[in-house]
Amino acid sequence: MTTTYVALLRGINVGGSRKVPMADLRTLLEGLGLGDVRTYLQSGQAVFSSAHGDEEHLAAELTAAIEKHFGFAVGVIVRDHAYLKAVADDCPFPAAELEAKQLHATYFSTPVEAERYAGIDRAAHLPEEFRLGDRVLYLYAPEGLGRSKLAEQLSKPRVNKGLIATTRNWNTVVKLVEMTQA
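**Some words on the overall build of the chain**
Helices and strands together make up the secondary structure of the chain, namely 5 helices and 8 strands. Ordered by position from the N terminus, the helices and strands of the chain form the series β-α-β-β-α-β-α-β-β-β-α-β-α. A compact globule built from 182 residues would reach a C-alpha radius of gyration of about 16 Å, and the chain, at 16 Å, matches this within 12%. Principal-axis analysis of the C-alpha atoms places the extent of the chain at approximately 50 × 35 × 30 Å. Taken over 182 residues, the chain has a buried fraction of 46%. When contacts within the chain are restricted to residue pairs at least 6 apart in sequence, long-range pairs at least 24 apart make up 70% of them. Working note: accessible area of the chain is about 9300 Å², and carbon and sulfur atoms make up 50% of it. With 20 positive and 22 negative side-chain charges, the chain shows a spacing of 6 Å between the two charge centroids.

Set out below in structure tokens:
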């Protein structure tokens, strides 16, 4: 039985560096024996099917293949439809009432504990807010991610040490749920 997954690639095609053309990525994934390969936007989302069933193994395989082919390391997180749907369904913010630019999900490679964020003064960043979920951080940034001081604090290397963390806006979150439906 095959499962549909998404591979979330961290930090590619940003500011003209770490270029990964989506057509090349699709060809690479197909060459690994993955099926039904599709990409979404240029920011590093690839949907595919596999009978393998192990997200960690798939992520490691994709990471190695991307580094070998493109010549640089890229953090990769692989998740299935059930997980993506749960992230969308469990959003603690009123997603339907917000603009997509105001709501973001940061996906993590492993579970995170609230203590990781203890040094961030949440009250100082209001009305911006964040909440943790299952290997995800939900961020409400009314003025958008680019202007968010809270996002800046949340993305500091000391906060994300030991994690692969990659952020998507809410439109992308919803689109990936749709793209991974069987």
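**A word on the sheet that holds strand β2 (residues 35-40)**
Spatial strand order, β2-β3-β1-β4: 4 strands in an open sheet with antiparallel pairing. With partners counted over all chains shown, the strands left at the sheet margins are β2 and β4 (76-80), one partner each. Along the sheet, successive strands turn relative to each other by an average axial angle of 20°, direction set aside. Here 4 bridges tie β2 to strand β3 (residues 45-50), and the two strands are oriented antiparallel to one another. Note that in β3 the partner of G35 across the bridge is S49.

**Regarding the environment of A151**
By the element assignment, A151 lies in helix α4 (residues 149-154). Expressed as a C-alpha distance, the spacing of A151 and Y140, which sit 11 residues apart in the sequence, is 9.3 Å. Ignoring anything within four residues of it in the chain, the contact list for A151 reads E128, L139 and L145.

**A closer look at helix α1 (residues 22-31)**
The periodicity of an α-helix, 3.6 residues per turn, causes residues three or four positions apart to be oriented the same way. M22, L25, L28 and L29 are the residues of α1 that are buried. All buried residues of α1 fall inside an arc of 115° around its axis, so they share one side. Residues T27 and G31 are exposed on α1 and point more than 90 degrees away from its buried face. Lining the buried residues of α1 we find β1 (3-9), β2, β3 and α2 (55-70). Where α1 ends, the next residue or the one after it, G33, has phi of about 90°, a positive value.

**Observations concerning unusual backbone geometry**
Here the bond from L126 into P127 is cis, since omega is 10°, no more than 30 degrees from zero. Looking at the secondary structure, you find P127 in the loop between β5 (103-108) and β6 (129-133).

Reading the values: rules and limits
- Residues numbered from 1 in each chain as written.
- Predicted model: local features only at pLDDT ≥ 70, side-chain atom pairs only at ≥ 80, totals over all residues.
- Heavy atoms only, no water.
- Helix = DSSP H or I, 4+ residues; strand = E, 2+ residues; numbered from the N terminus.
- Rg over C-alpha atoms; globule rule 2.2 N^0.38 Å.
- Buried < 20%, exposed > 50% of the residue type's maximum accessible area, 1.4 Å probe, protein only.
- Contact = heavy atoms within 4.5 Å.
- Areas by Shrake-Rupley, 256 points an atom, 1.4 Å probe, with all protein chains shown as cover.
- Lys, Arg positive; Asp, Glu negative; His and termini not counted.
- Charge placed at Lys NZ, Arg CZ, Asp CG, Glu CD.
- Pairing = 2+ DSSP bridges.
- Axes fitted to C-alpha atoms, helices over the stretch in contact; angles between N-to-C directions.
- Arc of directions from axis to C-beta.

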